[in-house]
Structures are given as C-alpha cells and as structure tokens.
Amino acid sequence: MPDSLSTSQSLPLTPFQFHCQAQCPHTQARAGQWTTPHGTVDTPRFMPVGTTATVKGVTPAQLAETGAQMVLANTYHLHLQPGESIVAKAGGLHRFMQWSGPMLTDSGGFQVFSLSGLRQIKEEGVLFRSPRDGRLINLTPEKSIEIQNALGADVIMAFDECPPYPAKREEVEAATDRTYRWLKRCLAAHGRSDQALFGIVQGGTFLDLRQRAAQELVDLDLRGYAIGGVSVGEPAHLIQQIVEATTPLLPVHKPRYLMGVGTYREMAQAIAAGVDLFDCVIPTRLARHGAVLSQGDRWNIKNAQYREDFGPLDDTCHCYTCQNFTRAYLNHLVRSREILAYTLLSIHNITELVRFTQRIRDSIFAGRFAEDFAPYLQPAALPVS
C-alpha cells in the first residue's frame, strides 16, 4: 500500500473521500474513515438493514445506541410501498425515517435473484409482478436510479443482475456482461452529485469473470465498489476464494463493500482481504426467531435452560438489553410471543455485529488484527464429498 495510506491521524475530509488510517502489517486489513453528506463512517463497519425505511423492531434512537453508523434501505420495496414520491415529499429517507446518519439504498438487483419466480429479465430491465397486488413493475437501470435519486440516500447502488448458485458459466457470463451494460446506463441516468453511485462486481464463482468485471468497473472511476453475488448459496470456501481474489483488484483509495455478509468468520476473512463495509439481515431475522448472537456463538433464548437464568445475555456487552434485562425475562418474552422480545434481541444482535467490526478496527490500530482474530482467519473448510 502507498505511504500516503499508512497509519495516520484523522484528517478533515470532504464528502465521499476515503482515508486509510492504519493497515495490518500481515494482511490487507485496514482501518479508515469515509465521509458522506450525513456523517463519517469508521471502517471496517457492519451496517444494519432497514429494508422498508425501518430496521425491524428498533427505533432510530435505539439503533444509534448500538453503534451503527450507516443503515440500508431497499429501492424495490420502497417503490412498492409507500412509493418514492411520498418519501421525496417527506424530505427524503433521512427525514422520513428520522435517521440522521449515512444511508445506502440497494438498487433492487438482489430482488432479481430472490424473486426469481416473479420476474422476467430482458436487456431493457426486469419485469416484476408485485407480490402485493399483482401489478407489473418494469424496473430498468434508469428507473432504479430515478427511484434512488428521489429517496435521497447518501450511497446508491447500480442496478445489477445477481446470478444464482449454482449456474452455468454462460449464464453467469451473460449476467455479468449485462450488469456492466446496465451500470453504464445507471451512470448516464444519475443526476445528483450528493449521492455516491457504487458499481457491483459480479461473476459468480468464476474468478476470471470477477477479474474482468472488476477491471471494467475500476476503469469507470466510481466513488465506491461492491462485491455482489456472494452468500447466495455457495459453500464458505468459495465465498472466501471470491473475496480474496476480487478485493485486491479494487482501488485502495475507495471504499469496498461486501454485500449480504454478516457472520463473524466471513467478515473477518473479508476484512483481511481489504473489505471495509458489510450488511446483512442476520441480527434482526435471528431475533424474530428468538436467537441470540454472543461472542461468535448462536443460541436460542427460548430453551428451557434459561427460564431461571437471571444473568445478562452477555456480561461483556454494554447494549441496553444486556445492561437491563435477564435471560429469564427474555426467555419469558419469547415464550409469550411479546413484541418487546424481538426489539430487545434485535438491539443486542445488532450491537454484537457492530461491536465485532469495531473490535477489529481497534485491533488494526493496535497492530494485532492477525493475532487477535487468527481463529476466524483460517481457510474455510472444504465440503465433505
């Protein structure tokens, strides 16, 4: 890494400027700051997902207390309800949902994958059938950007085609090429200088396609870069292989975002490769099923062993839940199907993942990342044949 990106103090930054403050001497892990019009993001950082302009069950004030700095929302779902025009009339996403920090909107590209039974892909764009009322929605690259411009997030994503796993090479190559053509249309349609447009590297598990896609995106000199199309069913060792092969191809002076990943091991390995930002629905989805994240483990608070356990979820955690409530009480709430259970567990789970990335950030500054997080950096196990 160039000397200009070596360990240094915080410097005044203009919006969409990335500054690397420290780098691990043994890996490509880096700690940095990235500015947006609504504040600075300390990297590496986990970002909670608020699909429909809300992180499920958690108020913005509670979300801020978790240490979250940047929140996601989704173009496709907000277009369906309430519609981008209503959000724009409210003053944009930040005012609409009362979140004052940085925000990012996904383009709707993931729904091309997740709603495969309700869509048809054409060169023009993707024709969806709304799961709400059955109406047809023609989501083109231009329409995705128009919606995101109206929503007003700090970061907007290019509309892409996320291929499934497994898929034949010719199918993945066609999706990767189409993603690049759509990106150029997104760039032509993008009309707001106060929103950073990120491109997305696709290519499935074919590393040569990933390499070609990354180079094409870098040549466009975008404000940030994402690695997409992982965590869609591949085994862990392939995710690690993709991230380690793709991340070094992306500029060191721009933020790098790994989409849809939120486990300890996958985040630590990606950070070691040089990734800065992550998002995943894991913390709130698990909370809705009574599951707790604690120091890398996942367990069910509904289990009978916790009915008379009057200790906190995690006595090392400083979140509102752990500081005020016992496992016995949370067990009671989950068994009673009380809404408060999902809120309290979500607060803890989000805090857990944000705190994990903050601990990694601190360890990079201390020069101990490779040592402190060694158990997570081991190669992913190959599947048993």
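Residues numbered from 1 in each chain as written. Predicted model: local features only at pLDDT ≥ 70, side-chain atom pairs only at ≥ 80, totals over all residues. Heavy atoms only, no water.

### What to know about the confidence of the model for the protein
Close reading of the predicted structure is inappropriate where its pLDDT is low.
1) Next: Per-residue confidence for the protein gives a mean pLDDT of 95, with 96% of residues at or over 70.
2) Next: In the predicted structure, residues 1–8 sits below a pLDDT of 50 and forms 16 contacts with residues beyond four places in sequence or in another chain. (pLDDT = per-residue confidence, 0-100. Contact = heavy atoms within 4.5 Å.)

### Looking at the nonpolar core
1) Next: Counting residues in hydrophobic clusters, the biggest one holds 92 residues, and the most contacted among them are Leu93, Leu258, Phe278, Ile301 and Phe369.
2) Next: Top contributing element to this core by residue count: helix α14 (residues 339–366), with 10 residues.
3) Next: Ranked by size, the runner-up nonpolar core spans 19 residues in total, among them Val41, Val49, Phe198 and Ala226. (Core = buried A, V, L, I, M, F, W, Y, C linked by side-chain atoms within 4.5 Å. Buried < 20%, exposed > 50% of the residue type's maximum accessible area, 1.4 Å probe, protein only. Helix = DSSP H or I, 4+ residues; strand = E, 2+ residues; numbered from the N terminus.)

### Observations concerning the pairing of strand β8 (residues 126–129)
1) Next: The side-chain alternation of β8 yields one buried face, formed by Val126 and Phe128, and one unburied face, formed by Leu127 and Arg129.
2) Next: When strand β7 (residues 119–121) meets β8, the two strands line up antiparallel, connected through three bridges. Looking across to β8, one finds that isoleucine 121 is bridged to valine 126.
3) Next: Between β7 and the antiparallel strand that follows it, β8, lie four residues.
4) Next: Alignment of β8 against strand β9 (residues 136–139), held across four bridges, turns out to be antiparallel. Bridge pairing in β9 places valine 126 opposite leucine 139.
5) Next: Adjacent in sequence and paired antiparallel, β8 and β9 are bridged by six residues, among which glycine 134 carries a positive phi angle near 80°. (Pairing = 2+ DSSP bridges.)

### As for the sheet that holds strand β10 (residues 155–157)
1) Next: With parallel pairing, the eight strands of this open sheet are ordered in space as β4-β14-β13-β12-β11-β10-β6-β5. Each edge of the open sheet carries a strand with a single partner, namely β4 (45–48) and β5 (71–74). For this sheet, the mean angle separating the axes of adjacent strands, direction not counted, is 25°.
2) Next: Of the pairings in the sheet, the one linking strand β11 (residues 196–201) to strand β12 (residues 224–227) comprises four bridges and is parallel in character. Note that in β12 the partner of phenylalanine 198 across the bridge is glycine 224.
3) Next: Its contacts with the sheet put helix α10 (residues 264–273) on β4, β13 (256–258) and β14 (277–280), and the angle it makes with β14 is roughly 160°. (Axes fitted to C-alpha atoms, helices over the stretch in contact; angles between N-to-C directions.)

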